[in-house]
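Per-entry structural report
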Amino acid sequence: MMLAIAAEGSAESRFAGSFDPQRTLEYLETYLAWDDAEIIVATEDPLDIPFSRQTIAGKMLGGVILVSAYEMWRQPICYIVKFWIGRHGRRTSASRRLIKAVDDWAIKHDCLAIYATATGELSDREQNLFENMMTKTGYLNVGPTLKKRITSNE
């Protein structure tokens, strides 16, 4: 289910690159195995759970990948590595439930702050919806995200 949403997000993004299902599975498995990371999914069932290899009841609406990093402080920083909502999950409560799960996870892990970037390179409308949702839930714009393309477009 996560692979299907990743493929959908890749097709929707303006980021130029070739989607690779095997690399995507390896990427997700890295976060599943990492002690300082978590993948949380939102399904049609309102009970969001940390993702596991168990069968998830209900259709997956989206998910979030989180990492905690101590860097140079006694407490970690929480990073939202990926935040995605499939098309069928938009305009539902899935994004709000995932943000609540992020906040709960960061509090449980005694994080100093949560950082997120809006780097999905989505349509202007979807990008604005994501940024608006984040600011409405307490996120502040603390600086730009910069990008430099290294390889030519495919």
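Thresholds applied
Residues numbered from 1 in each chain as written. Predicted model: local features only at pLDDT ≥ 70, side-chain atom pairs only at ≥ 80, totals over all residues. Heavy atoms only, no water. Salt bridge = Lys/Arg side-chain N within 4 Å of Asp/Glu carboxyl O. Helix = DSSP H or I, 4+ residues; strand = E, 2+ residues; numbered from the N terminus. Buried < 20%, exposed > 50% of the residue type's maximum accessible area, 1.4 Å probe, protein only. Pairing = 2+ DSSP bridges. Core = buried A, V, L, I, M, F, W, Y, C linked by side-chain atoms within 4.5 Å. Contact = heavy atoms within 4.5 Å. Arc of directions from axis to C-beta. Axes fitted to C-alpha atoms, helices over the stretch in contact; angles between N-to-C directions. Parallel < 35°, antiparallel > 145°, perpendicular 65-115°, else oblique. Left-handed = near helix turned anticlockwise from the far one by under 90°. Nonpolar A, V, L, I, M, F, W, Y, C, P; charged D, E, K, R; others polar.

**Focus: the pattern of salt bridges**
All told, the structure shown has eight salt bridges when counted by the stated rule. Put simply, D124 and R14 hold a salt bridge, and the shortest N to O gap is 3.5 Å. Of this pair, D124 sits in helix α4 (residues 124-136) while R14 sits in the loop between α1 (2-12) and α2 (21-33), and the two are 110 residues apart along the sequence. Of the two residues, D124 and R14, both sit in the exposed class. Between D104 and K100 there is a salt bridge, and its shortest N-O distance comes to 2.9 Å.

**As for the pairing of strand β1 (residues 37-43)**
Most of β1 sits inside the fold, with six of its seven residues counted as buried. Two elements, β1 and strand β3 (residues 60-69), share seven bridges in a ladder whose sense is antiparallel. Paired with A42 across the strands is G62, a residue of β3.

**Examining the nonpolar core**
Of all hydrophobic cores here, the largest spans 21 residues; its most connected members are V64, L66, I80, F83, L98 and M134. Those elements that place two or more of their residues in this core are β1, β3, β4 (77-85), α3 (94-108) and α4. No other element matches the seven residues that α3 contributes to this core. The contacts of I80, once residues within four sequence positions are left out, are V64, I65, L66, V102, I114, Y115, A116, M134 and Y139.

**A look at α1**
By the burial criterion, the buried members of α1 are M2, I5 and E12. The arc that holds every buried residue of α1, seen down its axis, measures 90 degrees, which confines them to one face. Away from its buried face, by an angle of more than 90 degrees, α1 presents the exposed residues A4 and A11. Residues of α1 that are buried in the fold lie against α2, β1, β3, β4 and α4.

**Remarks on the packing of α1 against α2**
Across the interface, α1 lies against α2 with an axial gap of 10 Å and an inter-helix angle of 120 degrees. Accordingly, the angle class assigned to the pair α1 and α2 is oblique. As α1 packs across α2, the resulting crossing turns out to be right-handed. Along its contact with α1, which presents M2, L3 and A6, the element α2 presents P21, T24, L25 and L28. Looking at the contact of α1 with α2, its residues break down into six nonpolar, one polar and no charged.

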